[in-house]
Amino acid sequence: MLEFKTYYTGSTGNLHVCTDEHTRIAIDFGVPFPQAQKAFDYKISSIDGALITHAHRDHCKGVPRAVQSGVDCYAIKDVFDSLGISSHRAHIITPLDLFHVQSFRVLPFLVQHDVPNVGFLIQSDYGGKLLYITDSYYCKYRFTGVDIIAVECNYRKELLEKNIQAGLVPEVLRKRITRSHFEIENVKKFLHASDLSRVREIHLIHLSSTNSDPEQFKKEVQKSTGCPVYIK
Amino acid sequence: MKNEIVTQDNSLLFDSTRFEHAQRVSKMLASSTMVPQHFRDNIGNCVIALNYAHRAGIDPFMAMQKMYIIHGKPAVETQLQIALFNKGGRFSPLKYKIEGEGDSRRCVATAKDLASGETIEGPPVSIKMAKDEGWYNKSGSKWKTLPELMLRYRAAAFFIRLYAPETTLGLHTPEELMEGAIDITPVEQEIERDANQEYIDIPFEEPDPDPKENGLTSEEKEEILALEKAEAEASTPGF
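Bear in mind that the values here come from a model prediction, so they are computed numbers and not experimental data.

(A) A look at the sheet that holds strand S4 (residues 49-51) of chain A. Residue and element names in this part refer to chain A. The strand order S1-S2-S3-S4-S5-S6 describes an open sheet built from six strands, whose pairing is mixed. Edge strands, defined here as strands with exactly one partner in the open sheet, are strand S1 (3-8) and strand S6 (90-92). Adjacent strand axes in the sheet meet at a mean angle of 25 degrees, parallel and antiparallel pairs treated alike. For strand S2 (residues 15-19) and strand S3 (residues 24-29), the ladder comprises five bridges, and the chain directions are antiparallel. What sits directly across from Leu15, in S3, is Phe29.

(B) Structural view of the confidence of the model for chain B. Residues and elements named next belong to chain B. Predicted confidence across chain B gives a mean pLDDT of 81, with 79% of residues reaching 70 or more. Note on residues 1-7: pLDDT is under 50 here. Beyond four places in sequence and across chains, it has 15 contacts. Predicted complex, confidence summary: ipTM 0.88, pTM 0.61.

(C) Quick look at the pattern of salt bridges. Taken as a whole, this structure holds 25 salt bridges over all chains when the rule is applied. Put simply, A:Arg179 and B:Glu190 hold a salt bridge, and the shortest N to O gap is 2.6 Å. Taken together, the residues span two chains, with A:Arg179 in the loop between helix H6 (173-178) and helix H7 (184-193) and B:Glu190 in helix H8 (residues 187-194). A salt bridge links B:Glu166 to B:Arg90, with the nearest nitrogen and oxygen atoms 3.2 Å apart. In this pair, B:Glu166 is assigned in the loop between helix H6 (147-163) and helix H7 (174-179) and B:Arg90 in the loop between helix H4 (78-86) and strand S3 (95-99), connecting sequence segments 76 residues apart. Take B:Glu166: its relative accessible area is 13%, and that puts it in the buried class. Connected through salt bridges with shared partners, the residues A:Arg156, A:Glu185, A:Lys188 and A:Glu220 form a single ionic network.

About the thresholds
Residues numbered from 1 in each chain as written. Chains lettered and ligands numbered in written order. Predicted model: local features only at pLDDT ≥ 70, side-chain atom pairs only at ≥ 80, totals over all residues. Heavy atoms only, no water. Pairing = 2+ DSSP bridges. Helix = DSSP H or I, 4+ residues; strand = E, 2+ residues; numbered from the N terminus. Axes fitted to C-alpha atoms, helices over the stretch in contact; angles between N-to-C directions. pLDDT = per-residue confidence, 0-100. Contact = heavy atoms within 4.5 Å. Salt bridge = Lys/Arg side-chain N within 4 Å of Asp/Glu carboxyl O. Buried < 20%, exposed > 50% of the residue type's maximum accessible area, 1.4 Å probe, protein only.

Here it is as structure tokens:
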């Protein structure tokens with residue numbers, strides 16, 4: 001059965017894993033390599049590939065050593081260029097061009113961040129579909145027949161404003177956050193625009209440590225969608 | 001170019017004779033391979049460029065080389081905006097005051113108001129500002145590779161927009177649009193307009209009956225396992 005697990009999420013580093021009966025892939029590799037090794041019980045070779053969303057270090061920090069260790073990494077050119085990686089393990093992907101990682105068929109698609117960034121729609125040959133979107137202030141697309149959704153739910157507008165007024169968040173960050181990260185009301189609209197009839201898990205990821213309220217976010221999205229919501 | 005508010009009188013679009021002539025010229029330009037790609041086979045874009053050139057008092061062919069479409073909006077190179085400002089006749093040509101080092105390095109564009117003799121200073125632009133505003137770290141940003149030029153260009157753009165907005169005829173520079181220095185559309189409107197529009201899905205394929213191993217040879221796998229084992233042992237504290 002298709003499964004999704006979050007090891008690390010947030011601006012300090014992101015590492016998730018998606019597995020089915022045959023294949024295990026990492027999604028984002030934004031933690032130091034030893035941390036990833038530990039997360040994988042020192043069995044990096046159990047990872048059949050790593051899908052990387054974008055070039056910000058909290059999403060690709062561990063890629064150079066992962067590539068050295070024989071992990072096939074899949075990312076847009078921008079990511080490998082920024083890391084200075086050229087290897088047969090570094091697979092350049094193109095938005096809306098389907099590719100395969102063993103039993104997974106993966107469709108990357110552009111999302112809206114302040115650097116080129118992609119989300120992933122992942123279909124297992126054994127059944128089950130996962131949608132992964134992070135670091136995007138909205139998504140142009142809608143989806144159908146998805147079983148697991150992992151989506152960024154970074155901040156609430158009112159909390160951000162309150163923190164700016166209180167001096168906890170610098171004012172210059174307002175524009176940057178609102179034009180690069182998903183706000184909870186926009187996440188709810190996004191979820192409702194897609195077909196949720198098959199969804200059995202929604203994972204809210206990449207929550208801001210200052211501008212979010214995890215418990216409240218979980219309750220709200222759960223109530224709004226009727227789907228079980230998980231936050232690590 | 002005269003520094004005055006542009007009215008319908010000097011537009012190509014509000015006189016049927018001039019408009020028809022502009023269409024004929026645009027048809028020729030649109031068939032040329034010497035105009036940038038976004039004007040080829042696009043008579044509408046060519047008419048708009050002709051109108052801009054006419055209003056700015058410059059050669060249409062030159063205007064087209066300096067015009068871009070960024071995020072669906074027309075933009076005019078900073079270089080051309082500075083040239084138009086410099087020949088405008090209301091101010092002396094722009095000069096730049098540069099000071100500071102590292103993140104504190106900043107640039108102020110200045111020009112003399114020829115009528116009053118007063119020297120006007122534009123808003124300062126610094127490397128710190130470029131970083132705080134998110135321009136510096138944008139993908140493909142020239143701030144990292146050409147910081148001196150970008151400081152001057154941005155300082156000039158700010159000055160012109162503030163003291164001689166008639167020069168730009170309402171158009172921004174490509175850098176401003178690409179870096180989001182100018183809020184083209186409020187974020188809420190952009191999301192309302194563009195979010196959740198199109199369904200996409202994975203094209204149907206027959207599942208592979210025999211999914212392959214992950215491309216590693218058995219030697220590679222053994223080598224990696226040995227390496228991981230060694231690293232695991234090295235990171236385990238001894239007792």
